[in-house]
Amino acid sequence: MHEAPPTPPSPSPAPAEPLSHGLKQRHLTMLGLGGVIGAGLFVGSGAGIAVAGPAIVVSYLIAGALAMLVMRMLGEMSAAMPASGSFSVHAERALGRWAGFSVGWLYWFLLVVVLAVEATAAAQIAHGWVPGVEPWAWVLLFMVVFTVANLTAVKNFGEFEFWFAALKVGAIVVFLVLGGLAVFGLLPDTDPVGMTNLTARGGFLPNGWSGVVSGVLTVVFAFGGLEVVTIAAAETDDPARAVGRAVRSAVVRILFFYVGSMLVIVSVLPWTAQQAGLSPYVKVLDAIGVPSAGQIMNIVVFVALLSALNANLYGSSRMIFSLAERGEAPRGLLKVSGGSPGKAAGVPRRAVLASVAFGFVSVLLNLLWPDTVFLYMLNSVGAVLLFVWVLIAASQLRLRARLEQEAPGALALRMWWFPYLTWVTLAGLSGVLLLMLTDDAARPQVLWSAGATALVLLVAVGRERRERQGSRWRDQERSAFTDR
């Protein structure tokens, strides 16, 4: 009698969700509300106004509508199937392992590269306040502080984000109130502006609809960050209910804050007064007589950058943890901390450290070679967010039909007018990518991101092929042994 040939032991299944449930509904709601209110709005919106004029309001409506539809689809899937990997898990279930592997690693890479930009920008602001401390020292301080925060209980991350988001939301509310009063001449020493600036100097569409399209390309990436809400939902006591409430409360308010802010800016001041790289919020506050407007906005932008850094570190650690959980990343990253509930239990510390380590590499590259090596890295993730959104929509198309057949009760939050709006979203995202290819400034981002995506896809397909061949070989060996 022959002995069976040894077969490689299959890895033991990882625990489904061994993370803690330390996040509260208020944390998730504020994360959804403040997660996309960042430097892209406070500073980057000036570039959009410069190309679209008053019609930047329309650009934000279009970009915001796309983001809102993607968020609704993501919320539907996350409420039905909450997981720390969120859309990476959904893509795997809907399209196959190659999709989950690809979107998970691409998103992780996106977060740890952008993390370097945020840390460096925040360090430049802090260096302006305290010139005696070099920017690299500020970067080190920020990275250490938020690494420690993410290595301890998840509620610490939630508390940081709650107060960061509260400050950003509060700043925008005050800005909207002051701007609205200025428009109607209700502030001291101001005359009513009315809607004159919306139609003067070339009209509402000074650069035509091409300006609106250019504005969309400029501002659409400012909505990145919404996805972290569905990643964080897995660490709440009731993920399905929590993500549903967060999505419902966030999308309309975000549109209100973004579009409302733009409407105030182009109403108070002529659009020609705005410049790329300068905060339009500062210009408006200066115009209506708010003292130290520049420093006030510097503080708000500083907080926004630290908030994004904290959220990106959290999101990247949970994404790579989820990849490890599904066998798509080193299984050593599955180790979570012990401790008593409510303290440091259930924190994926190795996943946090892995993300921080690459984040430090990105920061170093940004400090040493910002115009060469790091620029190539930044371009390679420039359009990844849109690729992720496309896969979210494609996953929702397949999973919604499956859920309606197998578990209709799980659809606590439903996508509007399915499947028509899902197809509209896919068409819109594809249109944005095609338009980026025609834009000289955006084309390198699409091409480099497409190259990075193709590389990850090749790795994913190669892994699946090797696994199928290994499985076929083991089946043949078993069959041969049975025959003997």
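Chemist: Explain the overall build of the protein chain to me, please; I cannot follow it from the model alone.
Modeler: Helices and strands together make up the secondary structure of the protein chain, namely 19 helices and zero strands. By the compact-globule yardstick of 23 Å for 484 residues, the protein chain fits well, its C-alpha radius of gyration being 24 Å. Taken along its principal axes, the extent of the C-alpha atoms in the protein chain is 100 × 50 × 45 Å. When burial is assessed residue by residue, the protein chain has 53% of its 484 residues classed as buried. Counted over contacts in the protein chain with a minimum sequence separation of 6, partners at least 24 positions apart contribute 80%. Surface accessibility of the protein chain: about 20,400 Å² in total, with carbon and sulfur atoms responsible for 66%. Charge separation in the protein chain, taken as the distance between the mean sites of 33 positive and 27 negative side-chain charges, equals 5 Å.

Chemist: I keep staring at the pattern of salt bridges and nothing clicks. Help me out?
Modeler: Going through the model one piece at a time under the given rule, you end up with nine salt bridges. Among the salt bridges present, the one from Arg26 reaches Glu159, with a minimum N-O distance of 2.3 Å. Residue Arg26 is located in helix H1 (residues 25-34), and its partner Glu159 is located in helix H8 (residues 154-183); the two are separated by 133 residues in the primary sequence. Residue Arg26 is classed as partly exposed on the basis of its relative accessible area of 39%.

Chemist: Would you mind going over the packing of aromatic side chains with me for this structure?
Modeler: By the definition in use, this model includes 19 aromatic pairs. Where Phe157 meets Tyr314, the ring centres are 4.0 Å apart and the plane angle is 5°; that geometry is what we call stacked. You can see Phe157 sitting in helix H8 and its partner Tyr314 sitting in helix H14 (residues 293-325), a full 157 residues away along the chain. Taking relative accessible area as the criterion, Phe157 reaches 2% and is therefore assigned buried. Residue Tyr314 is classed as buried on the basis of its relative accessible area of 0%.

Chemist: What exactly am I supposed to notice about a nonpolar patch on the surface here?
Modeler: The grouping of Trp136, Leu140, Val144, Val148, Phe360, Leu364, Leu367, Leu368, Trp369 and Val373 at the surface amounts to a nonpolar patch, some 910 Å² of accessible area in total. Among the secondary structure elements, those contributing two or more residues to the nonpolar patch are helix H7 (135-151) and helix H15 (349-368). You can see Leu140 is positioned in helix H7.

Chemist: I tried to follow the confidence of the model for the protein chain on my own but got confused; where do I start?
Modeler: Detailed reading of the predicted model is not advised wherever pLDDT is low. When pLDDT is averaged along the protein chain, the result is 82, and 91% of the positions lie at 70 or above. This stretch, residues 1-17, has a pLDDT under 50; its non-local contacts, to residues over four places away or in other chains, come to 19 contacts.

Chemist: Would you mind going over unusual backbone geometry with me for this structure?
Modeler: With glycine set apart, most residues show a phi of negative sign, and most peptide bonds adopt trans. Here Phe418 and Pro419 are connected by a cis peptide whose omega angle stands at 0°. Inspection of the secondary structure assignment puts Pro419 in the loop between helix H17 (384-406) and helix H18 (420-438). Positioned with a positive phi, Ser86 is a non-glycine residue whose angle comes to about 45°. Tracing the backbone shows Ser86 in the loop between helix H4 (56-80) and helix H5 (87-95). In the Ramachandran plot, Ser292 falls in the positive-phi region, its phi being about 55° despite a non-glycine side chain. With respect to the helices, strands and loops of the structure, Ser292 is situated in the loop between helix H13 (280-287) and H14.

Chemist: What exactly am I supposed to notice about the packing of H4 against H17 here?
Modeler: The geometry of a pair of packed helices is captured by two quantities: the angle between their axes and the separation between those axes. At a minimum axis distance of 9 Å, the contact between H4 and H17 shows a crossing angle of 45°. With respect to H17, the axis of H4 lies oblique. As H4 packs across H17, the resulting crossing turns out to be left-handed. Across the interface between the two elements, Ala67, Val70, Met73, Leu74, Glu76, Met77 and Ala80 of H4 pack against Trp389, Ile392, Ala393, Ser395, Gln396, Leu399, Arg400 and Leu403 of H17. Looking at the contact of H4 with H17 residue by residue, the classes come out as 11 nonpolar, two polar and two charged.

Chemist: Just to check I follow, could you spell out helix H10 (residues 208-219) for this structure?
Modeler: With 12 residues, H10 extends 17 Å between its outermost C-alpha atoms, agreeing within 8% with the 16 Å of an ideal straight helix rising 1.5 Å per residue. If you check which residues of H10 are buried, you get Gly211, Val212, Gly215, Val216, Leu217 and Val219.

Chemist: Please explain the environment of Phe184 as it appears in this structure.
Modeler: Secondary-structure assignment places Phe184 in the loop between H8 and helix H9 (196-199). Residue classification places Phe184 among the exposed residues on the basis of a relative accessible area of 58%. As a C-alpha pair, Phe184 and Met195 span 11 residues in sequence and 9.5 Å in three-dimensional space.

Chemist: What should I look at first to understand the packing of H7 against H15 in this one?
Modeler: One can describe the packing of H7 onto H15 by two numbers: an axis separation of 10 Å at closest approach and a directional angle of 170°. Here H7 lies roughly antiparallel to H15, going by the angle between them. Every pair of crossing elements has a handedness; the one defined by H7 and H15 is right-handed. Counted together, Trp136, Val139, Leu140, Met143, Thr147, Asn150 and Leu151 of H7 and Arg349, Val352, Leu353, Val356, Gly359, Phe360, Val363 and Leu367 of H15 form the full contact between these two elements. Split into classes, the residues belonging to the contact of H7 with H15 amount to 11 nonpolar, three polar and one charged.

Chemist: For this particular structure, what's the right way to read the side chain of Ser355?
Modeler: Structurally, Ser355 is set in helix H15. Those residues in contact with Ser355, other than ones at most four positions away along the chain, are Trp108, Val112, Leu313, Ser316, Ser317 and Ile320.

Chemist: Looking at this structure, how should I read the environment of Leu178?
Modeler: Within the secondary structure, Leu178 sits in helix H8. When the C-alpha atoms of Leu178 and Val456 are compared, they prove to be 48 Å apart, with 278 residues separating the residues in sequence. Not counting residues up to four positions away in its chain, the partners in contact with Leu178 are Leu187, Leu285, Ile288 and Val290.

Chemist: Can you help me understand the environment of Met377 in this one?
Modeler: Among the structural elements, Met377 can be located in helix H16 (residues 373-380). Spatially, the C-alpha atom of Met377 lies 22 Å from that of Glu328, the residues being 49 residues apart in sequence. Dropping the residues within four chain positions of it, Met377 is found in contact with Phe109, Val113, Phe358, Ser362 and Leu365.

Rules and cut-offs
- Residues numbered from 1 in each chain as written.
- Predicted model: local features only at pLDDT ≥ 70, side-chain atom pairs only at ≥ 80, totals over all residues.
- Heavy atoms only, no water.
- Helix = DSSP H or I, 4+ residues; strand = E, 2+ residues; numbered from the N terminus.
- Rg over C-alpha atoms; globule rule 2.2 N^0.38 Å.
- Buried < 20%, exposed > 50% of the residue type's maximum accessible area, 1.4 Å probe, protein only.
- Contact = heavy atoms within 4.5 Å.
- Areas by Shrake-Rupley, 256 points an atom, 1.4 Å probe, with all protein chains shown as cover.
- Lys, Arg positive; Asp, Glu negative; His and termini not counted.
- Charge placed at Lys NZ, Arg CZ, Asp CG, Glu CD.
- Salt bridge = Lys/Arg side-chain N within 4 Å of Asp/Glu carboxyl O.
- Phe/Tyr/Trp six-rings, centres within 6.5 Å; stacked < 30°, edge-to-face > 60°.
- Patch = residues over 30% accessible without salt bridge, like charges linked within 9 Å, V, L, I, M, F, W, Y side chains within 5 Å.
- pLDDT = per-residue confidence, 0-100.
- Axes fitted to C-alpha atoms, helices over the stretch in contact; angles between N-to-C directions.
- Parallel < 35°, antiparallel > 145°, perpendicular 65-115°, else oblique.
- Left-handed = near helix turned anticlockwise from the far one by under 90°.
- Nonpolar A, V, L, I, M, F, W, Y, C, P; charged D, E, K, R; others polar.
- Expected span 1.5 Å × (residues − 1).

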